[in-house]
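Report on the structure
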Amino acid sequence: VIVTKTITRKEALMRQFKHIQDSEREVIQKMLYSQKKYSLEDIASILDRAPSTISREIERDSTHGYNAREAGEKAKERRKAAKKKAASFGCREQN
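My aim in this report is to walk through the structure given alongside it, one point at a time.

**Considerations on the nonpolar core**
The tendency in soluble globular proteins is for nonpolar side chains to be buried as a group. Ranked by size, the top nonpolar core spans 10 residues in total: Ile-28, Met-31, Ile-43, Ala-44, Leu-47, Ile-54, Ile-58, Tyr-66, Ala-68 and Ala-71. Of all elements in the fold, only α2 (22-32), α3 (40-47), α4 (51-61) and α5 (68-88) reach the threshold of two or more residues within this core. Top element by residues in this core is α3. It accounts for 3 residues. Ignoring anything within four residues of it in the chain, the contact list for Ile-54 reads Ile-28, Leu-40, Ile-43, Ala-44, Leu-47 and Arg-49.

What follows is the structure, encoded as structure tokens:
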């Protein structure tokens with residue numbers, strides 16, 4: 001028996017904008033520094049993300065190598081700064 005799930009356009013669009021979670025950052029870090037060399041495509045497949053998402057996450061949050069905890073802190077700071085900037089332009093706050 002083969003079961004397929006059809007998703008709506010709204011579900012597809014909402015999935016597109018999901019932030020990387022701390023647990024996913026931990027997986028990225030473990031796979032990057034494991035004995036076995038995992039590719040970005042391997043990591044992306046495990047996390048059900050696009051390889052470009054993983055690449056951007058690593059590039060954006062690596063100073064002296066990728067650290068999941070530091071990456072999470074940097075992401076929170078960027079979101080906080082973005083909300084503050086949006087508020088200064090009179091934009092409504094979004095969740």
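**Comments concerning the pattern of salt bridges**
Side-chain pairs of opposite charge can arise where the charged atoms are in close proximity. Enumeration according to the criterion identifies 6 salt bridges in this entry. For Glu-24, the salt bridge goes to Arg-49, with nearest N and O atoms at 2.9 Å. Of this pair, Glu-24 sits in helix α2 while Arg-49 sits in the loop between α3 and α4; the two residues are 25 residues apart in sequence, bridging distant segments of the chain. Each member of the pair, Glu-24 as well as Arg-49, is classed as buried. Between Glu-73 and Arg-69 there is a salt bridge, with the nearest N and O atoms lying 3.1 Å from each other. Within this pair, Glu-73 and its partner Arg-69 are both found in helix α5, separated by 4 residues, close to a single helical turn.

Each value, and the rule that gives it
- Residues numbered from 1 in each chain as written.
- Predicted model: local features only at pLDDT ≥ 70, side-chain atom pairs only at ≥ 80, totals over all residues.
- Heavy atoms only, no water.
- Core = buried A, V, L, I, M, F, W, Y, C linked by side-chain atoms within 4.5 Å.
- Buried < 20%, exposed > 50% of the residue type's maximum accessible area, 1.4 Å probe, protein only.
- Helix = DSSP H or I, 4+ residues; strand = E, 2+ residues; numbered from the N terminus.
- Contact = heavy atoms within 4.5 Å.
- Salt bridge = Lys/Arg side-chain N within 4 Å of Asp/Glu carboxyl O.

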